[in-house]
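Letter by letter, the chains look like this.
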Amino acid sequence: MATVTPTPVGTRATRPPASHAPRKSSRRRLRENNWVGGGFGWIWLLVVMLPLYWLVITSFKTQANYFFTNPLKPPTEFTFENYQLVIESDFVRYFTNSVIVTAGAILPATLISFMAAYAIVRGAGNRFLRTVNGIFLMGLAIPLQAVVIPVYLIIIKMELYDTLQAIILPSIAFAIPLSVLVLSNFIRDVPKELFESMRMDGATEWGTMWRLAFPLTRPALVTVMIYNAVGIWNGFLLPLILTQSPEQATIPLALATFQTQFGVNVPAVAASVTLTTVPIVLLYAIGRRQLVSGLTAGFGK
Amino acid sequence: MTTLAPPVVRGQEPTRSSGGRSGSVVWMALPAFVMFVFFGIVPLLGVIVLSFATWNGITPTIELTGLTSWRAALSNPSLPNAIWVTFLIMALSWLVQTPISILLGVFMATRTRYRGFLSVLYFIPLLLSSAAIAITYKSLLDPSFGIGAGLGVEALNQNWLGEANLAIGTLIFVVSWQFIPFHSLIYQGAVRQIPHSMYEAAQIDGAGRVRQFFGITLPQLKYTIITSSTLMVVGSLTFFDLIWVLTAGGPGDATRALAVQMYQQGFQASLMGPASAIAVILVLTGLGLSLLLRRLGGRADESQLEGA
């Protein structure tokens, strides 16, 4: 650091007052640090992007071309035949299944979580609601993997095995704890006076919930929906154990099937992964901010 | 559980807070409560009951057979290996992810445009399903058709998923690739909350960047480290999708962690009893570890985990 102070070059030598020296040196130090941090940042970028880059370029290569070209070079001739193959392999059905499962789970899950969160905040002090809240908090610690066997049993008993509802119902349940936590923290921030004035106007709790709390909670509702949507869209275990026939497969399960089906046709496998990832990446491009807060919902601010 | 609901719904005790009529809102919590009890709490109790029962998962006969299933699960010669693999994955993935996540979090916390841009790209792995990630790496690392063979680079051309030690290492790498973005986001948020004045004071005292990092940033991140570590450690107990698609527990049993062992016992070997016993072990281990880490961190981490 000491090298900064002496001999500023040429005519300006006399100009800078003494007090400038420390600030300059600290700025210099900052820049040095940026080199270290920056280098690290770019390396990590490479680590993150390389597999994705490989995936996308490979998906546009012909199978023959793939084996004879440098795997890191983009194809000289783009082909869509891999995508065509994936789409012809019932992709639309798997995609539709995933859409049904995701929408069918997040809409009711968000709705009932919002109602529960509203009740927990507005009915604070009620012993039953406190118990409910306690159970939801405890629920945050229950891993889905550990309870799949009884869930499987329940689904069999309900005669829902191998249906999309079989995936939807437990997905709703496991979306509840975190959704309620995030939403209730949000509703708690609504000023008490607003609730009070609604009450003075003679609004019922039901009316207050929809006309006051619901619009004010919208950002948190979107966050919670996105968080749950990504989780359910990508879910693998529930479809794996609760369905059996290919007609009921969702995308992650279908991907695993594609992989065995296409075998050494690496470009086709790459196309299937790319195609299933596009919807979420598009969503990310549109609502990045919401999505980021969505995926870290509930953890630190 | 059912005994909880009826008496209290009637009890319209005045609330301590703003005077909301709690009785009229109680029912609003019921749909979520019933749903969660039915598919969350009942299965949690159910898995304990099933661990004392015998069931093949296909026929409807479930017999309570006492400790038979526990004995079968605990005396299974592959259990010690499964525990060891689970521990190995937990420890190694923590060791790899934590320093990188902290550094990335600190890096991302500075608000400049290019760092913001990089953060956008870092985030992408979080959007992919474990199945998609596993399949990508499986193809990418394939010894005959993957990138190593294609580039003709000897060092890259290993049987990454086919040799025991390499497979564990590869798995740790893929896990880190998938989850570091999430943890670095947590650290990014925490670093931004460190008061700027602390750094200014340190600068006046002549502390360099490295000393500032170890003297201010790291200690200030203590509770975040505990939160993030809890999520990592407890989360690693339940890695299933990724391992299942990537290696299916192989080669041999090199990556057969407890969650995989549970699935294989239950849904492939039709031994739901012993599989439930493994599930109970998983729940208890997770609970124990998170309590232990919470103890380590003192009381304050609670608010960090639960504050939205």
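Note that the structure is a prediction, hence the values are computed from the model and not measured. Counting of residues starts from 1 at the beginning of each chain's written sequence and follows it residue by residue. Chain letters and ligand numbers both follow the written order, the letters beginning at A and the numbers at 1. Only residues with pLDDT of at least 70 get local features here, since the model is predicted, and only at 80 or more are side-chain atom pairs given and counted; chain-wide, interface and lining totals rely on the full set of residues. Hydrogens are left out, water is left out, and the side-chain values use all remaining heavy atoms of the structure.

Q: I tried to follow the overall build of chain B on my own but got confused; where do I start?
A: The way it works is that DSSP assigns letters per residue, a run of H or I at least four long becomes a helix, a run of E at least two long becomes a strand, and they are numbered from the N terminus. When you go through chain B residue by residue, the secondary structure sums to 16 helices and two strands. Counting only contacts in chain B whose residues sit at least 6 apart along the sequence, the fraction spanning at least 24 positions is 66%. As presented, chain B carries roughly 13700 Å² of accessible surface, and 66% of it is formed by carbon and sulfur atoms. Should any heavy atoms of two residues lie within 4.5 Å, those residues are counted as being in contact. Per-residue and other accessible areas were derived by the Shrake-Rupley procedure at a 1.4 Å probe size, with only the shown protein chains allowed to occlude residues.

Q: Is there a simple way to explain the packing of aromatic side chains in this structure?
A: Any aromatic ring pair is given by two values, namely how distant the centres are and how the planes are angled relative to each other. Note on aromatic contacts: the rings of Phe and Tyr and the six-membered ring of Trp form a pair at centre separations within 6.5 Å, being stacked when their planes are under 30 degrees apart, edge-to-face when over 60 apart, and tilted otherwise. A full pass over the atoms with the stated rule returns 30 aromatic pairs over all chains. Residues F213 of chain B and F214 of chain B carry aromatic rings whose centres are separated by 5.1 Å and whose planes lie at 85° to one another, so their mutual orientation is edge-to-face. A simple rule labels every residue: compare its accessible area, found with a 1.4 Å probe on the protein chains alone, to the largest value its type can have, and call it buried under 20%, exposed over 50%, or partly exposed in between. Classification of F214 of chain B as exposed rests on a relative accessible area of 52%. Members of the aromatic cluster, joined through ring pairs, are Y152 and Y161 of chain A together with W55, F240, W244, Y263 and F267 of chain B.

Q: What is the right way to look at the environment of P71 of chain A in this model?
A: Residues and elements named next belong to chain A. Along the chain, the position of P71 falls in the loop between α2 (63-68) and α3 (81-122). Under the relative-accessibility criterion, P71 is labelled buried at 1%. Sequence separation between P71 and L55 is 16 residues, and the spatial gap between their C-alpha atoms is 9.8 Å.

Q: Whenever I open this one, the interface of chain B and chain A confuses me. Can you help?
A: Where interface size is quoted, it is often the accessible area lost as the parts come together. Every contact between the two is made by 102 residues of chain B and, on the other side, 103 residues of chain A. For the pair chain B and chain A, the summed buried area comes to about 9300 Å², and 77% of that belongs to carbon and sulfur atoms. Area buried by chain B at its contact with chain A is led by F36, F39 and L127 of chain B, which between them contribute 8% of it. Here, a salt bridge means any side-chain nitrogen of Lys or Arg that lies within 4 Å of a carboxyl oxygen of Asp or Glu. Counting across the interface, chain B meets chain A through zero salt bridges. Here a polar contact means two N or O atoms within 3.5 Å. Within protein one must be a hydrogen donor candidate and the other an acceptor candidate, and residues neighboring in sequence count only if both atoms are side-chain atoms. Taken together, the links from chain B to chain A amount to six residue pairs in polar contact (both at pLDDT 80 or more). Among the elements that take part in the side of chain B that touches chain A, helix α3 (residues 30-50) of chain B stands out by supplying 16 residues, more than any other. Residue polarity follows a fixed list, in which Ala, Val, Leu, Ile, Met, Phe, Trp, Tyr, Cys and Pro are nonpolar, Asp, Glu, Lys and Arg are charged, and the others, Gly among them, are polar. Residues of the side of chain B that touches chain A, tallied by class, amount to 69 nonpolar, 25 polar and eight charged. Two parts placed together each lose some accessible area under a 1.4 Å probe, and the buried area is that loss summed for both.

Q: Hey, could you run me through the pattern of salt bridges in this one?
A: Between side chains of opposite charge, pairing is possible as soon as their charged atoms come close. All names here are of chain A. All chains considered together, the criterion is met by three salt bridges over all chains. In this structure, R93 engages D90 in a salt bridge whose closest nitrogen and oxygen atoms are separated by 3.3 Å. Linking R93 with D90, this pair stays in helix α3, spanning three residues, or about one helical turn. Note on D90: relative accessible area 35%, which makes it partly exposed. In this structure, E205 engages R122 in a salt bridge whose closest nitrogen and oxygen atoms are separated by 3.2 Å.

Q: Can you walk me through a nonpolar patch on the surface in this structure?
A: Residue and element names in this part refer to chain B. A cluster of nonpolar residues, L45, I48, V49, F52, L64 and L67, forms a patch on the protein surface that exposes about 560 Å² of accessible area. Here L45 shows up in helix α3. Owing to a relative accessible area of 45%, L45 belongs among the partly exposed residues under this scheme. Exposure above 30% relative accessible area and the absence of a salt bridge qualify a residue for a patch, where like charges join within 9 Å and nonpolar side chains (Val, Leu, Ile, Met, Phe, Trp, Tyr) within 5 Å.

Q: I keep staring at the confidence of the model for chain B and nothing clicks. Help me out?
A: Low pLDDT means the predicted coordinates in that region are not meant to be read closely. Residue and element names in this part refer to chain B. pLDDT runs from 0 to 100 and stands for how confident the predictor is about each residue. In this model, chain B carries a mean pLDDT of 82, and residues with pLDDT of at least 70 account for 87%. Within chain B, helix α1 (residues 5-10) has the poorest average pLDDT of any element, 36, and α3 the best, 93. Low pLDDT, under 50, characterises residues 1-20; the predicted model gives this stretch 31 contacts beyond four residues in sequence or across chains. Here residues 300-308 is modelled with pLDDT under 50, and outside its nearest four sequence neighbours on either side it reaches 29 contacts, counting other chains as well.

Q: I would appreciate a short explanation of the packing of α3 of chain A against helix α12 (residues 266-286) of chain A in the present structure.
A: Think of two packed helices as two axes; the pair is described by the angle between the axes and how far apart they sit. Residues and elements named next belong to chain A. Relative orientation of the contacting elements α3 and α12 amounts to 45°, with a least axis distance of 9 Å. Here α3 lies oblique to α12, going by the angle between them. Two packed elements cross with a definite hand, and for α3 against α12 that hand is right-handed. Taken together, the residues of α12 that come into contact with α3 (itself represented by N82, Y83, L85, V86, I87, F91 and F95) are P267, A268, A271, S272, T274, L275, T276 and P279. Here the residues of the contact of α3 with α12 are counted per class, giving 11 nonpolar, four polar and no charged. Each axis is a line fitted through C-alpha atoms, and for a helix only the stretch in contact is used; angles between axes span 0 to 180 degrees, taken between their N-to-C directions. These descriptions rest on fixed angle ranges, namely under 35 degrees for roughly parallel, over 145 for roughly antiparallel, 65 to 115 for roughly perpendicular, and the rest for oblique. Should the near helix be turned anticlockwise from the far one by less than a right angle, the crossing is left-handed, and should it be turned clockwise, the crossing is right-handed.

Q: I tried to follow unusual backbone geometry on my own but got confused; where do I start?
A: Of all residues except glycine, most have a negative phi; of all peptide bonds, most are trans. Positive phi outside glycine occurs at D90 of chain A, with the angle close to 70°. One non-glycine residue, S270 of chain B, lies in positive phi territory at about 60°. On the basis of relative accessibility, which here comes to 23%, the residue S270 of chain B falls in the partly exposed class.

Q: Explain the confidence of the model for chain A to me, please; I cannot follow it from the model alone.
A: Averaged over chain A, the pLDDT score is 81; the fraction of residues at 70 or greater is 84%. Here residues 1-32 of chain A is modelled with pLDDT under 50, and outside its nearest four sequence neighbours on either side it reaches 13 contacts, counting other chains as well.

Q: Sorry, what's going on with the side chain of S129 of chain B here?
A: Looking at the element boundaries, S129 of chain B is found in the loop between α6 (113-122) and α7 (130-140). In this structure S129 of chain B touches N234, P252 and L255 of chain A, once residues within four positions along its chain are discounted.

Q: What is the right way to read the nonpolar core from this model?
A: Note on soluble globular proteins: their nonpolar side chains tend to be buried together. Nonpolar core, defined: a set of buried Ala, Val, Leu, Ile, Met, Phe, Trp, Tyr and Cys residues in which side-chain atoms within 4.5 Å join the residues together. Among the nonpolar cores identified, the biggest contains 171 residues, and F136 and I176 of chain A together with I89 and F240 of chain B are the most heavily contacted of them. It is α3 of chain A that contributes the most residues to this core, 17 residues altogether. Residue ranges for the domains trace back to a domain assignment, done automatically or taken from a database. A domain split of this core shows at least three residues from each of domain 1 (10-48) and domain 2 (86-295) of chain A. In this view, I176 of chain A contacts I112, S113 and F136 of chain A together with A32, M35 and F36 of chain B; residues no more than four positions away in its chain are not counted.

Q: When you look at the UniProt feature "transmembrane region" (unreviewed entry) in chain B in this model, what are you seeing that I'm missing?
A: All names here are of chain B. As recorded in UniProt, the sites labelled "transmembrane region" (unreviewed entry) are residues 25-53, 82-108, 120-140, 160-180, 223-247 and 267-293. Within the segment residues 25-53, helix and strand shares are 79% and 3% respectively, and the terminal C-alpha atoms sit 41 Å apart. Counted over residues 120-140, helix gives 67% and strand 0%. Its end C-alpha atoms are 24 Å apart. UniProt positions are given in the numbering used here, feature names are shortened, and annotations may be inferred rather than shown by experiment.

Q: Would you mind going over the side chain of S184 of chain B with me for this structure?
A: Residue and element names in this part refer to chain B. Of note, S184 is situated in helix α9 (residues 164-193). For S184, a relative accessible area of 1% translates into the label buried. Within the structure, S184 has its side chain in polar contact with the backbone oxygen of P181 (distance 3.0 Å). Setting aside anything within four residues of it in sequence, one finds S184 in contact with S101, L104, G105 and M108.

Q: So what exactly am I meant to see when it comes to the packing of helix α12 (residues 222-237) of chain B against helix α15 (residues 272-296) of chain B here?
A: Residues and elements named next belong to chain B. The N-to-C vectors of α12 and α15 enclose an angle of 170°; their axes lie 10 Å apart at closest approach. The angle between the axes of α12 and α15 places the two elements in the roughly antiparallel class. As α12 runs across α15, the sense of the crossing is right-handed. Note on element contacts: α15 touches α12 through L282, T285, G286, L289, S290, L293 and L296, opposite I226, S229, T230, V233, V234 and L237. Across the contact of α12 with α15, the residue classes tally to eight nonpolar, five polar and no charged.

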